[in-house]
Amino acid sequence: MTPIYPGSVDAAGRRATLGVLGGGQLGRMFLHAAQRLGYFTAVLDPDAQSPAGLVSHHHIRTGYDDPAGLAQLAQLCQAITTEFENVPAQVLQTLAQTRPVAPGAAVVGIAQNRIEEKVHFAACADVSGVSCGPYAVIETPAQLQAVQADRPDLLPGILKTARLGYDGKGQVRVKNAAELAAAWAELGSVACVLEKMLPLTAECSVLVARGWDGQVVSFAPQRNVHVDGILAVTHAYEGNLPPPLATRARDAAVSIAQHLSYVGVLCVEFFVVDDGSAHGGLVVNEMAPRPHNSGHYTLDACDASQFDLQVHAMAGLPLPQPRQHSPAIMLNLLGEVWFDAGGQRREPDWQAVLSLPGTRLHLYGKLDARAGRKMGHLTITGPDVASVKTVAHRAAALLSLPGLDAV
Ligand code: ADP
Ligand code: MG
């Protein structure tokens, strides 16, 4: 991979341009990082008002599988990434015929399918030292019956669609065999996995960036709190997890990325379960083939963000090990923040929130606030963990945000 240097102009007079499939907030923050370095940018997303489309030099407004749109993207860009996890793998394959595409179609295809993802996790469990929890695949009525008859150990459990799930969508919690059958029908009898409901004591995730040359860097694990299946709070500071557990999670994520020969930023999510051991056991949950909501704190608390690393990795630039310079807490801002207790639309009290020390507000340019919709996030950094927690609690109280445990 020949590096694509920012600010360069090729023989045909084209400025160095990076492209992204998908125009959501992840694409937007990726473009901001690319533009800060001096790249021109292009985004492909059908929505004229998409968060990334609003801030890109070029916005191709077609569907993800539109041949003309993809040809235009390839023509404009020297390298292409995706922020949209469910982009058809075939699309990445087509683009890769003429341009470097990171991450590649094969790994995105694995991450798009919980069944393949678990097979991959199992394949590298010897090296990563971490397995996924007990589960069974349900793709046919016969498999459903077999699970009902032979796997009572998986109940109570969570039935998850193999594809297209996110933010707790495409999942049903089931207590018994009858509920399982009803849930599978409710999900359209599509390919699913039934996972045993695990006694979680915490959740964490690890961001890894790997270059074309195999060089790998990573961030320390962040501890995540989900409310109703959606990320609410990320704790990113020393002591957020027992150190031996944090080391294991980080090493496992790196070996998972290596095993995939991944290029770009990968996020691996883990469960911490109560297994009677001193620090709890570690179980790998899923991976996202892109920067991740739980890594947004890196924008404000680290000398290189997850989006900077995505730019560096795809463009073949060096990948310096990022350094976190401040403890941080990230609070997700969902659509609920724009409504009062009576359901009336309101402007959040930014005056009060932004007067708190160390608060950094990121809004994604979405006009339509809806319950559960990710509108932005607030990062709190400070000189020490105690002051970050204090400010985070004040901000959460002002905005009625859930998920922050007691100081
Ligand atoms: P998504 O793609 O929606 O992020 P996840 O598989 O990560 O799907 O599930 C969302 C959340 O649901 C998790 O972060 C966790 O809080 C909870 N959850 C998922 N699977 C299990 C499980 N097997 N046991 C206990 N809790 C789970
Ligand atoms: Mg998840």
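Note that this is a predicted model, so its numbers are computed, not measured. (Residues numbered from 1 in each chain as written. Chains lettered and ligands numbered in written order. Predicted model: local features only at pLDDT ≥ 70, side-chain atom pairs only at ≥ 80, totals over all residues. Heavy atoms only, no water.)

Side note on the pairing of strand 2 (residues 40–44)
Here is step 1: Of all 5 residues that make up strand 2, 4 are buried, and the element is covered over most of its length.
Here is step 2: Handedness of the crossover joining strand 1 (residues 17–21) and strand 2 through helix 1 (residues 25–37): right-handed.
Here is step 3: Sheet topology places strand 2 next to strand 3 (residues 58–60); 3 bridges connect them, and they run parallel. Bridging from a neighbouring strand, Val-43 pairs with His-59 of strand 3. (Buried < 20%, exposed > 50% of the residue type's maximum accessible area, 1.4 Å probe, protein only. Helix = DSSP H or I, 4+ residues; strand = E, 2+ residues; numbered from the N terminus. Right-handed = clockwise from strand over helix to strand, strands pointing away. Pairing = 2+ DSSP bridges.)

Regarding the packing of helix 7 (residues 141–150) against helix 8 (residues 177–186)
Here is step 1: Remark: helix 7 packs on helix 8, axes separated minimally by 10 Å, with the N-to-C direction vectors making an angle of 160°. Classified by the angle their axes make, helix 7 and helix 8 are roughly antiparallel. Of the two possible hands of crossing, helix 7 and helix 8 adopt the one that is right-handed. Touching Pro-141, Leu-144, Val-147 and Gln-148 of helix 7 are Ala-177, Leu-180, Ala-181 and Trp-184, all from helix 8.
Here is step 2: Of the residues that constitute the contact of helix 7 with helix 8, the class distribution is 7 nonpolar, 1 polar and no charged. (Axes fitted to C-alpha atoms, helices over the stretch in contact; angles between N-to-C directions. Parallel < 35°, antiparallel > 145°, perpendicular 65-115°, else oblique. Left-handed = near helix turned anticlockwise from the far one by under 90°. Contact = heavy atoms within 4.5 Å. Nonpolar A, V, L, I, M, F, W, Y, C, P; charged D, E, K, R; others polar.)

A few points about the side chain of Asp-45
Here is step 1: Within the secondary structure, Asp-45 is located in the loop between strand 2 and strand 3.
Here is step 2: Buried charge Asp-45 goes without a salt bridge, the closest partner of opposite sign being Arg-61 at 8.3 Å.
Here is step 3: Discounting chain neighbours no more than four positions away, the residues touching Asp-45 are Gly-22, Gly-23, Gly-24, Ser-50, His-59, Ile-60, Arg-61, Thr-62 and Tyr-64. (Lys, Arg positive; Asp, Glu negative; His and termini not counted. Salt bridge = Lys/Arg side-chain N within 4 Å of Asp/Glu carboxyl O.)

Observations concerning the packing of aromatic side chains
Here the distance between the centres and the angle between the planes together describe a pair of aromatic rings.
Here is step 1: This structure, assessed with the given rule, holds 2 aromatic pairs.
Here is step 2: Seen in terms of ring centroids, Tyr-64 and Phe-84 are 4.5 Å apart; in terms of plane orientation they differ by 20°. Their pairing is stacked. Here the residue Tyr-64 occupies a position in the loop between strand 3 and helix 2 (67–76), and Phe-84 occupies one in the loop between strand 4 (79–82) and helix 3 (89–96), the gap between them amounting to 20 residues.
Here is step 3: Since its relative accessible area comes to 17%, Tyr-64 is described here as buried.
Here is step 4: Where Trp-338 meets Trp-350, the ring centres are 5.9 Å apart and the plane angle is 65°; that geometry is what we call edge-to-face. With Trp-338 in the loop between strand 15 (328–334) and helix 12 (350–353) and Trp-350 in helix 12, this pair connects stretches of sequence that are 12 residues apart. Of the two residues, Trp-338 and Trp-350, both sit in the buried class.
Here is step 5: Across from the ring centre of Tyr-135, 5.0 Å away, lies the NZ or CZ of Lys-118, which sits over that ring. (Phe/Tyr/Trp six-rings, centres within 6.5 Å; stacked < 30°, edge-to-face > 60°. Lys NZ or Arg CZ within 6 Å of the ring centre and 35° of its normal.)

Comments concerning the coordination of the magnesium ion (ligand 2)
Here is step 1: Protein ligation of the magnesium ion (ligand 2) involves Glu-269 (OE) and Glu-286 (OE), the donor distances falling in the range 1.9 to 2.4 Å. Remark: Glu-286 occurs in strand 14 (residues 281–288) and Glu-269 occurs in strand 13 (residues 264–273); sequence separation between them is 17 residues. (Donors = N, O, S within 2.8 Å, 3.2 Å for Na, K, Ca; no water.)

As for the packing of helix 1 against helix 11 (residues 306–315)
Here is step 1: Viewed as axis vectors pointing N to C, helix 1 and helix 11 meet at an angle of 65°, and their least axial separation amounts to 8 Å. In this view, helix 1 runs roughly perpendicular relative to helix 11, as classed from their interaxial angle. Relative to helix 11, the crossing made by helix 1 is right-handed. Taken together, the residues of helix 11 that come into contact with helix 1 (itself represented by Leu-26, Met-29, Phe-30, Ala-33, Ala-34, Arg-36 and Leu-37) are Phe-307, Asp-308, Gln-310, Val-311, His-312 and Met-314.
Here is step 2: Of the residues belonging to the contact of helix 1 with helix 11, the class tally is 9 nonpolar, 2 polar and 2 charged.

Some words on the pairing of strand 17 (residues 374–381)
Here is step 1: Buried residues dominate strand 17, accounting for 8 of its 8 residues.
Here is step 2: Alignment of strand 16 (residues 359–363) against strand 17, held across 5 bridges, turns out to be antiparallel. Each residue of the ladder has a partner; that of His-362, found in strand 17, is His-377.

Digging into the site of ligand 1
Here is step 1: Neighbouring ligand 1 are 20 residues, the closest being Lys-160, Gly-168, Gln-171, Glu-203 and Glu-286.
Here is step 2: Between an oxygen atom of ligand 1 and a side-chain N or O atom of Asn-285, the distance comes to 2.8 Å.
Here is step 3: Elements supplying a minimum of two residues to the shell around ligand 1: strand 6 (157–161), strand 7 (171–174), strand 8 (192–196), strand 9 (200–210), strand 13 and strand 14.
Here is step 4: Of the residues that constitute the shell around ligand 1, the class distribution is 6 nonpolar, 5 polar and 9 charged.
Here is step 5: Formed jointly, the shell around ligand 1 draws a minimum of three residues from each of two domains, domain 2 (134–196) and domain 3 (200–401). (Near = heavy atom within 4 Å. Polar contact = N/O pair within 3.5 Å; in protein donor to acceptor, adjacent residues only side chain to side chain. Domains from an automatic or database assignment.)

Digging into the nonpolar core
Here is step 1: Counting 28 residues, the largest nonpolar core has Ile-256, Val-268, Phe-270, Val-284 and Met-287 as the members making the most contacts within it.
Here is step 2: Looking at this core, the elements that each hand over two or more residues are helix 4 (105–111), strand 9, helix 9 (243–259), strand 13 and strand 14.
Here is step 3: By residue number, the principal contributor to this core is helix 9, which donates 7 residues.
Here is step 4: What Met-287 contacts, discounting residues up to four positions off in sequence, is Glu-85, Ile-110, Ala-111, Glu-117, His-120, Phe-121, Ile-256, Leu-260, Leu-266, Cys-267 and Val-268. (Core = buried A, V, L, I, M, F, W, Y, C linked by side-chain atoms within 4.5 Å.)

What to know about the UniProt feature "domain: ATP-grasp" (unreviewed entry) in the protein
Here is step 1: What UniProt calls "domain: ATP-grasp" (unreviewed entry) maps, in this numbering, to residues 122–315.
Here is step 2: From the first C-alpha to the last, residues 122–315 spans 31 Å; its make-up is 29% helix and 32% strand. (UniProt positions renumbered as here; feature names shortened; annotations may be inferred.)

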